[in-house]
Amino acid sequence: MAENGAQQMSLLEKKIDDQIEYYFGDHNLPRDKFLKEQIQLDDGWVPLETMIKFNRLSCLTTDFKVILEALSKSKTGLLEISEDKTKIRRSPSKPLPEINDQYKDVIKHRSVYVKGFPTDITLDELKEWFNDKGNVENIQMRRTLQRQFKGSVFVVFDTDDSAKKFVEQKDVKYKDAEMIVLLKEDYFTKKNEDRKHHRAEVKAKAKHEKEEKQKQAEDEEMKSLDEQTGCLLKFSGELEDQTSREDLQELFSGHGMIKWIDFTRGAKEGTILFKSNAKEALDKAKAAHGDNLQIKKKDVTWELLEGDDEKETLKKIIEDQQQSLNRKRGRGGRKFGGRGGRRERGGRDQGKLQYQGKKTTFESEDECDPETASAEKKVKDEEAEAPLSQQPKTEPASPKKRALDDVKAEEVGEPASKQLKTENGSGKQ
């Protein structure tokens, strides 16, 4: 047995004993894949030849005699030495605890979160600082995914009382730096509250930005309405069923630039939005046709829209323009709905009469084109052992209404799981 309380350990021997007992201890062994494989090969025995390949132990010594001398002075009874002095194992009389919810709860209440250490501190320096803080069983250095120390640790004390006693200390400092000290359970509670608060802030910010964009869109829309005053011309009459928007384009060709036509084939009325003054375009067209402006030889009543009727019609046109652009964007701007749509492939829509609804048009084709885990990671180096889980989604804001003149131009236990990397080290095993 590696137990002999009559002899005093040197400083080196204590470090050797602490390190090896950490390897075989309750905190490291359950998650040390390599060491667990080794103890299954020979009834729990692990050759010293294998042990000296562990980095932290090899930094202390690779001399079997020094290692055996240190273990023989241990008072814990955790380890046994083989009769031929070439192997060691965890004593069968001290089996590993069952890792269940009850055990995890016990460990949680003995664990403390400490933050404020310099990021270049070493595990040995941490162990030295905790020497007089109570009986420490394990120190877990928290690291980023890039293996950078975060300046905080989780420390497991031997009892709940030891952990609480340390947390209740006032003005805990490392050198001149003030430390944040919380029970691990309180740390996660605070972290969850901070996360909820952050999510609420993000949500509120997104809502505010959405409202601001909507207000801006409405302001631009009203500005656009003001700029388009006097540009709307309504027509009505007993029009032929085959009357089209192209007929209207031809009728006003050379007399006024048309920006939008709100008209469905077969309808008896519609609205034309000109880029400039509608009355001037109407007067020029009438003059060119002997003051009798007809559509395909059918008499038509022409009416210049003003006041509230004009504004309401302009608003409707803006909405129709936005919907048209959104539909074209949704199908990638392709005429037949992507690669080989059903009409091209002879799909189930072939041969069917498709209802097209209300038609709208732009001045040109250019105007209707829109603008385009927790993964378990075992590191052989003892300064990197505990795996950690890894962390998120903002919803895109609804497209705002565009101003009329803009028709041509067209957005997230611990938070986002971050991994905690464990250092091999302990105070007293």
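Residues numbered from 1 in each chain as written. Predicted model: local features only at pLDDT ≥ 70, side-chain atom pairs only at ≥ 80, totals over all residues. Heavy atoms only, no water.

## With respect to the sheet that holds strand S9 (residues 180-183)
Basically, it comes down to this: Here the rule is simple: two strands pair whenever DSSP picks up at least two bridges between them. Counting from the N terminus, the helices are the DSSP runs of H or I reaching at least four residues and the strands are the DSSP runs of E reaching at least two. Axes here refer to lines fitted to C-alpha atoms; in helices the fit is confined to the stretch in contact. Angles between the N-to-C directions go from 0 to 180 degrees. Throughout, a residue-residue contact means that at least one pair of heavy atoms, one from each residue, lies within 4.5 Å.
Reading across the sheet, the four strands line up as S5-S6-S4-S9 and stay open at both edges, with antiparallel pairing between neighbours. Among the strands making up the open sheet, the edge pair consists of strand S5 (136-143) and S9. Direction aside, the axes of adjacent strands within the sheet are offset by 20° on average. Here four bridges tie strand S4 (residues 111-115) to S9, and the two strands are oriented antiparallel to one another. Looking at the pairing, Tyr-113 lines up with Leu-182 of S9. Strand contacts of helix H8 (residues 160-167): S4, strand S6 (149-157) and S9, with the helix running at about 150° to S9, the strand carrying the most contacts.

## As for the packing of helix H1 (residues 11-23) against helix H5 (residues 64-72)
In a packed pair of helices, the relevant descriptors are the angle between the two axes and the axis-to-axis distance. Counted only if it meets this: Angle categories: roughly parallel below 35 degrees, roughly antiparallel above 145, roughly perpendicular from 65 to 115, and oblique for all the rest. Each residue is assigned to one of three groups, with Ala, Val, Leu, Ile, Met, Phe, Trp, Tyr, Cys and Pro labelled nonpolar, Asp, Glu, Lys and Arg labelled charged, and all others, Gly among them, labelled polar.
Direction vectors running N to C along H1 and H5 enclose 80°, while the axes themselves pass 9 Å from each other. One way to sum up the angle between H1 and H5 is to call them roughly perpendicular. Residue-level inspection shows Leu-12, Glu-13, Ile-16, Asp-17 and Ile-20 of H1 in contact with H5, the latter providing Val-66, Ile-67, Glu-69, Ala-70 and Leu-71. Of the residues that constitute the contact of H1 with H5, the class distribution is seven nonpolar, no polar and three charged.

## A closer look at the sheet that holds strand S2 (residues 79-81)
Taken in spatial order, the three strands of this open sheet run S1-S3-S2, and their pairing is antiparallel. Pairing within the sheet leaves two strands with one partner each, and these edge strands are strand S1 (46-47) and S2. Looking at chain direction, S2 and strand S3 (residues 87-90) are connected through three bridges and run antiparallel. Each residue of the ladder has a partner; that of Glu-80, found in S3, is Arg-89.

## Digging into a negative patch on the surface
Our working definition: Residues enter a patch when their relative accessible area is above 30% and they make no salt bridge; the linking distance is 9 Å between like charges and 5 Å between nonpolar side chains (Val, Leu, Ile, Met, Phe, Trp, Tyr). Residue burial considers only the protein chains on display, and all accessible areas are found by Shrake-Rupley using a 1.4 Å probe. By salt bridge we mean one thing: a side-chain nitrogen of Lys or Arg within 4 Å of a carboxyl oxygen of Asp or Glu. A positive count includes Lys and Arg, and a negative count includes Asp and Glu. His and the chain ends are not counted in either. Charged groups are reduced to one reference atom each: NZ for lysine, CZ for arginine, CG for aspartic acid, CD for glutamic acid. Think of it in three bands: residues with accessible area under 20% of the maximum for their type are buried, residues over 50% are exposed, and the middle band is partly exposed, with areas taken using a 1.4 Å probe on protein chains only.
A surface patch of negative charge is lined by Glu-303, Glu-306, Asp-308, Asp-309 and Glu-312. A total of three residues in the negative patch trace back to one element, the largest contributor, which is helix H12 (residues 307-330). In this structure, Asp-308 sits in helix H12. Judged by its relative accessible area of 64%, Asp-308 falls in the exposed class.

## So, the pattern of salt bridges
Taken as a whole and judged by the stated rule, the model has 19 salt bridges. Close ionic contact of Glu-178 with Lys-173 constitutes a salt bridge, the shortest N to O distance being 3.7 Å. Here the residues in one salt-bridge network are Glu-13, Glu-69 and Lys-73, joined through shared partners.

## Details of the nonpolar core
What counts is decided by this rule: Here, nonpolar core refers to any group of buried Ala, Val, Leu, Ile, Met, Phe, Trp, Tyr and Cys residues whose side-chain atoms link them within 4.5 Å.
In terms of nonpolar packing, the biggest core is built from 22 residues, with Val-112, Val-114, Phe-117, Leu-126, Phe-130, Val-153 and Phe-166 touching the most fellow members. Broken down by secondary-structure element, the contributors of at least two residues to this core are S4, helix H7 (123-130), S5, S6, H8 and S9. Not counting residues within four places of it along the chain, the set of residues in contact with Phe-130 comprises Val-114, Phe-117, Val-136, Ile-139, Val-153, Val-155 and Phe-166. One finds Tyr-23, Val-46, Leu-71 and Ile-81 within the second-largest nonpolar core, a separate group that totals 21 residues.

## Points about helix H11 (residues 278-288)
Basically, it comes down to this: Working note: the arc is built from the helix axis to C-beta atom directions. As used in this structure description, the phrase polar contact means that two N or O atoms lie within 3.5 Å; if the pair is within protein, one of them must be able to donate a hydrogen and the other to accept it, and residues adjacent in sequence are counted only when both atoms belong to side chains.
Of all the positions in H11, only Ala-278, Ala-281, Leu-282 and Ala-285 are classed as buried. Projected down its long axis, H11 shows its buried positions confined to an angular sector of 100°, all on one face. Each element contacted by the buried residues of H11 is listed here: strand S10 (232-236), helix H10 (245-251), strand S12 (269-274) and strand S13 (301-304). Where H11 begins, the side chain of Asn-277 points an oxygen toward the backbone nitrogen of Lys-279, at a separation of 2.9 Å. Looking one or two places after H11, you find Gly-290, whose phi comes out positive at around 65°.

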